[in-house]
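Coordinates in review
The residues making up each chain are set out below.
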Amino acid sequence: MLEDVLRNISIIFRSALRSCVPLSVSMLHGFTAQNIVYENKIAAYVEDRIITTQQIHQEATRSEISLQKALDALSEKIIIVKEFDRMHGQIPTNLVKQEYDKIKNRFGDNHEKFICTLAQKGKTEQSFKNEVRENTIIRTMYDHNVTRPSIASPRDIQDYYDTHKSELKQERQISFDQIETRKENQKSIEEIKNYIKNGGDYEEIFQHLSKIPDVKVNRDDGLPYADILPMVAQKVETIALNSFSDESMEISDHIMFFGLRKIEEEHPLTLAEANGRVERILLDKRYRRLRQDWLDSLRKKAYYIVL
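Report follows, based on the coordinates. Source: prediction; values computed, not measured. (Residues numbered from 1 in each chain as written. Predicted model: local features only at pLDDT ≥ 70, side-chain atom pairs only at ≥ 80, totals over all residues. Heavy atoms only, no water.)

Comments concerning the overall build of the protein
Within the protein, the regular secondary structure consists of 12 helices and 10 strands. Each of the 307 residues in the protein was classed as buried or not, and the buried ones make up 37%. When contacts within the protein are restricted to residue pairs at least 6 apart in sequence, long-range pairs at least 24 apart make up 66% of them. Working note: accessible area of the protein is about 18700 Å², and carbon and sulfur atoms make up 50% of it. (Helix = DSSP H or I, 4+ residues; strand = E, 2+ residues; numbered from the N terminus. Buried < 20%, exposed > 50% of the residue type's maximum accessible area, 1.4 Å probe, protein only. Contact = heavy atoms within 4.5 Å. Areas by Shrake-Rupley, 256 points an atom, 1.4 Å probe, with all protein chains shown as cover.)

What about the side chain of Glu-47?
Structurally, Glu-47 is set in the loop between strand 1 (42-46) and strand 2 (49-52). If we skip the residues at most four places from it in the chain, Glu-47 touches Ile-78, Lys-82, Arg-86, Ala-302 and Tyr-303.

Overview of the sheet that holds strand 2
As summarised here, the arrangement of the 3 strands in space is 2-1-10, forming an open sheet in which the pairing is antiparallel. Every interior strand has two partners, whereas the edge strands, strand 2 and strand 10 (304-306), have only one. The sheet shows a mean angle of 20° between the axes of neighbouring strands, taken without regard to direction. (Pairing = 2+ DSSP bridges. Axes fitted to C-alpha atoms, helices over the stretch in contact; angles between N-to-C directions.)

A word on the environment of Gly-199
Mapped onto the elements of the fold, Gly-199 is located in the loop between helix 9 (186-197) and helix 10 (202-210). Between the C-alpha atoms of Gly-199 and Ser-245, which are 46 residues apart in sequence, the distance is 10.0 Å.

Observations concerning unusual backbone geometry
Not every positive phi belongs to a glycine, and His-88 is a case in point at roughly 55°. Non-glycine residue Asp-214 carries a positive phi angle of around 65°. Tracing the backbone through its elements, the reader meets Asp-214 in the loop between helix 10 and strand 5 (216-224).

What to know about the packing of helix 3 (residues 53-63) against helix 4 (residues 67-86)
Across the interface, helix 3 lies against helix 4 with an axial gap of 8 Å and an inter-helix angle of 105°. Looking at the two axes, helix 3 sits roughly perpendicular to helix 4. Contacts between helix 3 and helix 4 involve Gln-55, Ile-56, His-57, Glu-59, Ala-60 and Arg-62 from the first element and Leu-67, Ala-70, Leu-71, Ala-73, Leu-74 and Lys-77 from the second. Grouping the amino acids of the contact of helix 3 with helix 4 by side-chain chemistry returns 7 nonpolar, 2 polar and 3 charged. (Parallel < 35°, antiparallel > 145°, perpendicular 65-115°, else oblique. Nonpolar A, V, L, I, M, F, W, Y, C, P; charged D, E, K, R; others polar.)

Digging into the packing of aromatic side chains
Within a pair of aromatic rings, the relevant descriptors are the distance that separates the centres and the angle that separates the planes. One pass over the full model with this rule turns up 7 aromatic pairs. Taken together, the aromatic side chains of Tyr-100, Phe-107, Phe-114 and Phe-128 make up a single cluster linked through ring pairs. Looking at Arg-172, its charged tip hangs above the ring of Tyr-225, at a distance of 4.9 Å from the centre. The ring of Tyr-142 carries the charged tip of Arg-291 above its face, separated from the ring centre by 3.7 Å. (Phe/Tyr/Trp six-rings, centres within 6.5 Å; stacked < 30°, edge-to-face > 60°. Lys NZ or Arg CZ within 6 Å of the ring centre and 35° of its normal.)

Remarks on the environment of Val-46
Within the secondary structure, Val-46 is located in strand 1. Classification of Val-46 as buried rests on a relative accessible area of 0%. Taking the C-alpha atoms as reference points, Val-46 and Ile-79, separated by 33 residues in sequence, lie 7.2 Å from one another. The residues contacting Val-46, other than those within four sequence positions of it, are Ile-51, Ser-75, Ile-78, Ile-79, Tyr-303 and Tyr-304.

Coordinates in, geometry out; function isn't part of it.
Here's what the structure looks like:
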């Protein structure tokens, strides 16, 4: 399957090379930044690096994309980093360290777990640091070489809206409030229930509940129905508009109470409602086209062979 995909990629061959080459350590030293030996098929030579079938499959699985798109993504990264090196670019060490620490800190002080997680993904700590550095370079190169458009004309917005009107819909949305406390706070739980049962103005109830000790409140406005935890969505839908329910829900070690303010059913968007969304779509499409144009210009001068 992979060979079929690779054969369909349009490239200029500079030489005829065999598709299955056992790699020696001396060869790998020049072709991979991590100096990891891959005993599998070489899929492509890009600049002074190799891409193996194993790397393509890993990228396709990780990003949930086709093998061809995985090969393109891996190639683009190498080409961009090579251009950075040609320019003698410099990335502040502290910037790379910040990005690295941001990921590492998710594991707290458990360095062993961090290393084990990397190993499960076929990486060493050093190869991961190299990967973080290259990703930082790529983001920097995009920022410096591709200007993000900021304005879409009213005419373009109108044309897109007229063409895609049937697709531009407002999803079902719910505006509601959550009152939360821990299970052991029985006094607070009883106070919440009693105050809700007494009824009254919705906002007055909300303000009172927010002042009860050990209670947290959260206000959600226009939250898409699909983004709400199903059990919470089902519960909220049973509540009368502009009221709180004194029936609680237990989630983990917390007790939750809910108040419903508004439900908006799915409906087609008017041009005014869709304006911001359409503008973002158009600007994103334009930015992706500018990115691709820049990448294509780099590909033209890159040493790129697919086997």
